[in-house]
Amino acid sequence: MEMIGANGAGHDKMEKKIESERERKILQYDSEGITFLLLLIAGAILIFRLVKRQLLQSHQQQNFMMAITHELKTPIAVTKLNLETMQIRKLDPVQQKKLIQSTIEEANRLNTLCNNILLMSQIDAGGYTVARERFDLATFASDCTEDFITRFPDRKIEMELKDEVMITGDKLLLLLAINNLLDNAIKYSGKDDVVLVKVFQRNRRIVLQVIDNGKGITAREKEKIFEKYFRGAQMQTKGTGLGLYLTREIVKQHRGGISVTNNIPRGCIFEIRFKTSKN
């Protein structure tokens, strides 16, 4: 009887061991299955996001090509029409001056577009070396603004500039940045709206603002306004979506910050901030 009892106890012990091993294996298989399933889901999400990003980029590039084609054809068509008009018709001095001014504006527009495209290619390829030159930002911004006042005599462009605001940077890049902000303000505000350029110092920062009284930008658009190729609801018929993107990249090259806020009662304030430059 003792022998049988011992054998029974050993048998029960073996059964428990086998059952424990079976449960351990089941738990292991379940864990491996869940892990594999999670990895599969994560992989599917990653692939979905990559495909979605590629489709978005493709769509953006397609829109960019359509926009740039429009932006290139318009100044070319206007310039050709103006020159042909002056060639075949005898115009009085006032009309001739108006056509010449229009042609110059379109040439400047074409030049800005080409500069933006070339600069984007260089920055994206990491092939642009930023120059370091010390100069007065207020005087520099004044010269840029005066150029726009000359180019757009029918627009209200004003300045509030503090004297002797010294900065170290690349004049060519900052010229494009300021021009892009001014061009944007003029393009998306009304003919009678004032565009204001300000340069001042605030909390050990050099600040440049371009303020307009246009239709403004929605909160959702503010989050994307500096992305490449992005054009908001007010921008669908104009521009290539490069200007503000390049302006942000130029500001980053100068270790500064850029933002857009609402102008009260309407419009936008684009603000660039730089660290003060020491002698």
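Residues numbered from 1 in each chain as written. Predicted model: local features only at pLDDT ≥ 70, side-chain atom pairs only at ≥ 80, totals over all residues. Heavy atoms only, no water.

J.: For this particular structure, what's the right way to read the packing of aromatic side chains?
T.: Centre-to-centre distance and the angle between the planes together describe a pair of aromatic rings. Counted under the stated rule, the structure contains three aromatic pairs. Consider the rings of F135 and F140, whose centres lie 5.2 Å apart with planes at 55°: the pair is tilted. A centroid spacing of 5.8 Å and a plane angle of 20° characterise the contact between F148 and F152, whose relative ring orientation is stacked. When its relative accessible area of 1% is taken as the criterion, F148 is described as buried. Here R151 stacks its cationic end above the ring of F148, 4.5 Å away from the centre of that ring. (Phe/Tyr/Trp six-rings, centres within 6.5 Å; stacked < 30°, edge-to-face > 60°. Buried < 20%, exposed > 50% of the residue type's maximum accessible area, 1.4 Å probe, protein only. Lys NZ or Arg CZ within 6 Å of the ring centre and 35° of its normal.)

J.: Can you walk me through the side chain of K222 in this structure?
T.: Tracing the sequence through the fold places K222 in helix α5 (residues 219–222). The buried charged residue K222 lacks any salt bridge partner; its closest oppositely charged side chain belongs to E221, at an N-O distance of 7.6 Å. (Helix = DSSP H or I, 4+ residues; strand = E, 2+ residues; numbered from the N terminus. Lys, Arg positive; Asp, Glu negative; His and termini not counted. Salt bridge = Lys/Arg side-chain N within 4 Å of Asp/Glu carboxyl O.)

J.: Any chance you could explain the pairing of strand β7 (residues 268–275) here in plain terms?
T.: Both faces of the sheet carry side chains from a regular strand, because those side chains alternate between them. Of all the eight residues making up β7, six are buried; the element is thus mostly covered by neighbouring parts of the structure. Of the pairings in the sheet, the one linking strand β6 (residues 257–262) to β7 comprises six bridges and is antiparallel in character. Paired with T261 across the bridge in β7 is I269. Counted between consecutive antiparallel strands, the loop separating β6 from β7 contains five residues, among which G267 sits at a positive phi close to 105°. (Pairing = 2+ DSSP bridges.)

J.: Please explain the packing of helix α2 (residues 93–124) against helix α6 (residues 243–253) as it appears in this structure.
T.: The angle between the axes and the distance between the axes are what describe a pair of packed helices. Their axes nearest at 11 Å, the elements α2 and α6 cross at an angle of 50°. What the angle tells us is that α2 and α6 run oblique. The interaxial crossing formed by α2 with α6 has left-handed handedness. Only G243, Y245, L246, E249, I250 and Q253 of α6 make contact with α2, whose side of the interface consists of N116, L119, M120, I123 and D124. Split by residue class, the contact of α2 with α6 holds six nonpolar, three polar and two charged. (Axes fitted to C-alpha atoms, helices over the stretch in contact; angles between N-to-C directions. Parallel < 35°, antiparallel > 145°, perpendicular 65-115°, else oblique. Left-handed = near helix turned anticlockwise from the far one by under 90°. Contact = heavy atoms within 4.5 Å. Nonpolar A, V, L, I, M, F, W, Y, C, P; charged D, E, K, R; others polar.)

J.: Teacher, can you tell me more about the nonpolar core here?
T.: A general feature of soluble globular proteins is that nonpolar side chains tend to end up buried together. Ranked by size, the top nonpolar core spans 47 residues in total, and within it L137 and F270 carry the most contacts. Of all the elements in the fold, those that place two or more residues in this core are α2, α3 (137–151), α4 (171–187), β4 (194–202), β5 (205–211), α6, β6 and β7. In terms of residue count, the dominant contributor to this core is α4 (nine residues). Excluding anything up to four places from it in sequence, F270 contacts L181, N184, L208, Q209, V210, I217, F226, L244, S259 and V260. (Core = buried A, V, L, I, M, F, W, Y, C linked by side-chain atoms within 4.5 Å.)

J.: In this structure, what is going on with the packing of α3 against α4? I would like to understand it.
T.: The geometry of α3 relative to α4 is characterised by a closest axis approach of 10 Å and an angle of 45° between their N-to-C directions. Considering the angle they form, α3 stands oblique to α4. As for how α3 packs across α4, the hand of that crossing is right-handed. For the pair α3 and α4, the contacting residues are F140, A141, C144, T145 and F148 in the first and K171, L174, L175, I178, N179, L182, D183 and I186 in the second. Partitioned by chemical class, the residues of the contact of α3 with α4 number nine nonpolar, two polar and two charged.

J.: So what exactly am I meant to see when it comes to the pattern of salt bridges here?
T.: Two side chains carrying opposite charge are able to pair once their charged atoms lie near each other. Taken as a whole, this structure holds 10 salt bridges when the rule is applied. Ionic pairing is found between K171 and E133, a salt bridge with its closest N-O pair at 3.6 Å. One end of the pair, K171, is in helix α4; the other, E133, is in strand β1 (residues 133–136), and 38 residues separate them in sequence. Looking at E133, the relative accessible area reads 37%, which means it is partly exposed. Note that E249 is salt-bridged to K252, the shortest N-O span being 3.6 Å. Taken together, the residues E249 and K252, both in helix α6 and three residues apart, mark about one turn of the helix. In the salt-bridge network here, residues are joined through shared partners; they are R202, E271 and R273.

J.: Just to check I follow, could you spell out unusual backbone geometry for this structure?
T.: Of all residues except glycine, most have a negative phi; of all peptide bonds, most are trans. With an omega dihedral of 10°, the bond running from I264 to P265 counts as a cis peptide bond. The topology assignment puts P265 in the loop between β6 and β7. The phi angle at N203 is positive, at roughly 50°, despite the residue not being glycine. The backbone of R255 shows a phi angle near 55°, a positive value even though the residue is not glycine. When you line up the elements, R255 lands in the loop between α6 and β6.

J.: Which parts of the structure should I look at to understand a positive patch on the surface?
T.: A grouping of R132, R205, R255 and K275 is seen on the molecular surface, where their side chains present a positively charged patch. Among the structural elements, R132 can be located in the loop between α2 and β1. (Patch = residues over 30% accessible without salt bridge, like charges linked within 9 Å, V, L, I, M, F, W, Y side chains within 5 Å. Areas by Shrake-Rupley, 256 points an atom, 1.4 Å probe, with all protein chains shown as cover. Charge placed at Lys NZ, Arg CZ, Asp CG, Glu CD.)

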